[in-house]
Amino acid sequence: MIIVMQKHAPDPSIEHVVAELSSRGFDVHRSTGADQTILGVVGRVDTLDPREFELFEGVQEVVRVSEPYKLTSRTFKRDKTIVKARGVEIGGDRVVVMAGPCTIESEHQLFETARRVARSGARVLRGGAYKPRTSPYAFQGMGIEGLKLLRAAGDEFSMATVSEVMEISQIEKMLEYVDILQVGARNMQNYNLLSALGQVRKPILLKRGMSATIQEWLLAAEYIMAGGNYDIILCERGIRTFETYTRNTFDISAIPVIDKLSHLPIVGDPSHATGRRDKVMPLARATVAAGGDGLLIEVHHDPEKAVCDGPQSLYPDQFARLMDELKIIVPAVGRSI
Amino acid sequence: MNTTDAEAELTRLREAIDRVDDVLVKLLNQRAKYAVEIGEIKGVLSLPIYAPEREKEVLRHVEAAGAGPLDSAAIRRLFERIIDESRRVERESASTGVSQ
């Protein structure tokens, strides 16, 4: 276990941690740097709860070296990763809002929605061309024609594009039209797909599986990174709990937890998390307030007529209002939008 | 210096380092023996193994004794390792001492 002290932590804080570890029979390797001290803890560290030491005065971070994920870990890379997609930086100072319809239905629908969200400040256009639907009889998406429309709309309104990849065979075609490839919750543990995405050189938006732990989620990202693709954006979209009122339970705590464990940027998808339009805006605000690097939000120019997920899609006017609200929140967390 | 001379000089210097290392290990073990004894005493007196003030004093002492080319930060880094090991040795001997 490694305990990283805060920069310029005073001696008494450091000594307090060493004394505590020492009194419990652990050997401590103290390493004093120019402005930061690191303590290596040797012994049966599996009996120690890192969270306990994180609460000690002057402690910045406690890291278990035995973490199964490596490349995604903050230990591997201290500085936050900034993922770049067609000029948009995710993980930097500016909060990035990705918006658009759940499914690309028609040119009119996509362009109309894109026009409205771009005007409100969305910088990435989302739209599904291949849809993983619970029912095999539900609309399965426009496929390649939908991707062409997505590219055209992205170019028209100067937005980067994101769309879900369902299987390995779709990757090559999608690279032509899409700036960020999204891996859906249902595919988060499709390890063949993840490995194949490790070979591409485009950012991946990796959604959290609906019953995945944070560790499993980071290990999924590890699969992609192990292939050499380091541009990954994590996306919290809610997990299965016993609560039935909302479709999933949006795990806000995942945002600060990921920020501690990993250098990868994290965005929130409140639309899928709740499945209810009226719950999307509060959770979107909460995502940004909790330190999220961005949002993925479903907006439809005419949600009542949407073929897919209409009840969770915002009206363009609601989206505009949300963006105005976010502008008030971001300075409080030291960001801009 | 031609190549042959340089190679001979390299060998000579490496042998010199080996001799210094022999002395260093002896001295470090000598130091560790004192730590073992201190550990036993701390065990008898039920004193904590970790004594931050004393560690600071040791570091101040060795940093002041330096004459280069190792600067005081480098000396501190090296002695932090030595102190880490002393603490371990003391802890072991303290617990043995108590059980006796």
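Keep in mind that this is a model prediction, so the values were computed, not measured. Chains are numbered independently. Their residues run from 1 in the order of the written sequence. Labels follow written order: the first chain is A, the first ligand is 1, and so on. With the structure being a predicted model, the display of local features is reserved for residues of pLDDT at least 70 and the display and counting of side-chain atom pairs for 80 or more, all residues being used for whole-chain, interface and lining totals.

Engineer: Tell me about the overall build of chain B, and name the residues and values.
Structural biologist: The secondary structure listing takes helices from DSSP runs of H or I that are at least 4 residues long and strands from runs of E that are at least 2 residues long, numbered from the N terminus. Along chain B, the regular secondary structure elements total three helices and zero strands. A total of 100 residues make up chain B; the buried ones form 15% of that total. Counting contacts in chain B only where the partners sit at least 6 residues apart, residues at least 24 apart contribute 73% of the total. A residue is called partly exposed when the number of other C-beta atoms within 10 Å of its own lies between 12 and 20, exposed at 12 or fewer, and buried at 20 or more, with C-beta atoms placed from the backbone. Once C-beta atoms have been placed from the backbone, residue pairs whose C-beta atoms lie within 7 Å are recorded as contacts.

Engineer: Describe the overall build of chain A, naming the residues involved and giving the relevant values.
Structural biologist: Counting secondary structure elements, chain A contains eleven helices and 14 strands. Buried positions account for 46% of the 337 residues belonging to chain A.

Engineer: How would you sum up helix 7 (residues 214–226) of chain A? Please name residues and give values.
Structural biologist: Residue and element names in this part refer to chain A. Here helix 7 contains 13 residues, and its C-alpha end-to-end distance of 18 Å stays within 8% of the 18 Å for a straight helix at 1.5 Å per residue. Those residues of helix 7 that are buried lie in contact with helix 6 (191–198), strand 11 (204–207), strand 12 (232–236) and helix 8 (254–261). Downstream of helix 7 by one or two residues, glycine 228 has phi in the positive range, about 110°. What a helix should span is 1.5 Å times the count of its residues minus one.

Engineer: Describe the sheet that holds strand 3 (residues 37–42) of chain A, with residues and values.
Structural biologist: All names here are of chain A. Here, a strand pair is defined by DSSP locating no fewer than two bridges between the strands. Read across the sheet, four strands follow the order 2-3-1-4 without closing on themselves; strand pairing throughout is antiparallel. Each edge of the open sheet is held by one strand with a lone partner, namely strand 2 (27–32) and strand 4 (59–63). Taking each pair of neighbouring strands and ignoring which way they run, the sheet shows an average axis angle of 20°. Axes here refer to lines fitted to C-alpha atoms; in helices the fit is confined to the stretch in contact. Angles between the N-to-C directions go from 0 to 180 degrees.

Engineer: An account of the packing of helix 3 (residues 107–120) of chain A against helix 4 (residues 144–156) of chain A is needed here, citing residue identities and associated values.
Structural biologist: Helix-helix packing is characterised by the crossing angle of the two axes and by the distance between the axes. Residues and elements named next belong to chain A. Between helix 3 and helix 4, the shortest axis-to-axis distance is 10 Å and the interhelical angle comes to 30°. In terms of axis orientation, helix 3 runs roughly parallel to helix 4. Taken as a pair, helix 3 and helix 4 cross one another with a handedness that is right-handed. Only Leu149, Leu150, Ala153 and Glu156 of helix 4 make contact with helix 3, whose side of the interface consists of Glu107, Leu110, Phe111 and Ala114. Oblique is the label for any angle not covered by the other classes, which are roughly parallel (under 35 degrees), roughly antiparallel (over 145) and roughly perpendicular (65 to 115). Crossing chirality is assigned from the near helix's rotation relative to the far helix, an anticlockwise turn below a right angle marking it left-handed and a clockwise turn marking it right-handed.

Engineer: Give me the interface of chain A and chain B: which residues, what numbers.
Structural biologist: Of the residues lining the interface, eleven residues belong to chain A; the matching set on chain B comes to nine residues. For the side of chain A that touches chain B, the elements supplying multiple residues, two or more each, are helix 1 (11–23) and strand 2 of chain A. Gly counts as polar in this scheme, as do all residues outside two lists: the nonpolar Ala, Val, Leu, Ile, Met, Phe, Trp, Tyr, Cys and Pro, and the charged Asp, Glu, Lys and Arg. Here the residues of the side of chain A that touches chain B sort into three nonpolar, five polar and three charged.

Engineer: Break down the confidence of the model for chain B for me, with residues and values.
Structural biologist: A low pLDDT score tells you not to read the predicted coordinates there in detail. Residues and elements named next belong to chain B. Within a predicted model, pLDDT stands for the predictor's per-residue confidence, ranging from 0 to 100. Counting all residues, the mean pLDDT for chain B is 89, and 96% of those residues have values of 70 or more. Per-element mean pLDDT across chain B ranges from 83 in helix 3 (residues 72–99) up to 94 in helix 1 (residues 3–45). Note on the complex model: pTM 0.66, ipTM 0.71.

Engineer: Tell me about helix 3 of chain A, residues and numbers included.
Structural biologist: Since the α-helix packs 3.6 residues into each turn, any two residues three or four apart lie on the same face. All names here are of chain A. Here helix 3 contains 14 residues, and its C-alpha end-to-end distance of 20 Å stays within 8% of the 20 Å for a straight helix at 1.5 Å per residue. Taken together, the buried positions of helix 3 are occupied by Gln109, Leu110, Thr113, Ala114, Arg116, Val117 and Ala118. In this fold, the buried residues of helix 3 make contact with strand 7 (96–100), strand 8 (124–126), helix 4 and helix 11 (316–329). At the exit of helix 3 stands glycine 121, carrying a positive phi of roughly 115°.

Engineer: Now, about the pairing of strand 2 of chain A: what can you tell me, with residues and values included?
Structural biologist: Pairing geometry for strand 2 of chain A and strand 3 of chain A, over six bridges, is antiparallel. Among the inter-strand pairings, serine 31 of chain A is bridged to a residue of strand 3 of chain A, identified as isoleucine 38 of chain A.

Engineer: Quick one: what's the story with unusual backbone geometry, residue by residue and with numbers?
Structural biologist: Its identity as a non-glycine residue notwithstanding, histidine 8 of chain A has a phi of 60°, on the positive side. Of note in this structure, serine 46 of chain B is not a glycine but carries a positive phi near 55°. By secondary structure assignment, the location of serine 46 of chain B is in the loop between helix 1 and helix 2 (52–65). According to the C-beta neighbour criterion, serine 46 of chain B is exposed, with 8 such atoms within 10 Å.

Engineer: Just give me the short version of the packing of helix 4 of chain A against helix 5 (residues 168–177) of chain A, but keep the residues and values in it.
Structural biologist: Residues and elements named next belong to chain A. For the pair helix 4 and helix 5, the least separation of the axes is 9 Å and the interaxial angle reads 25°. Regarding the angle of helix 4 to helix 5, the classification is roughly parallel. Helix 4 and helix 5 meet at a crossing whose hand is right-handed. Contact with helix 4, carried on its side by Ile144, Leu147, Lys148, Leu150 and Arg151, involves Lys173, Met174 and Tyr177 of helix 5 and no other residues of that element.

Engineer: Talk me through the nonpolar core; I want residue IDs and the actual numbers.
Structural biologist: All names here are of chain A. Of all hydrophobic cores here, the largest spans 77 residues; its most connected members are Val124, Leu206, Ala221, Leu234 and Ile297. By residue number, the principal contributor to this core is helix 7, which donates seven residues. Beyond its immediate stretch of four places on either side in the chain, leucine 234 contacts Leu206, Trp217, Ala221, Ile258, Leu264 and Ile266. To count as a nonpolar core, a set of buried Ala, Val, Leu, Ile, Met, Phe, Trp, Tyr and Cys residues must be joined through C-beta atoms within 7 Å.

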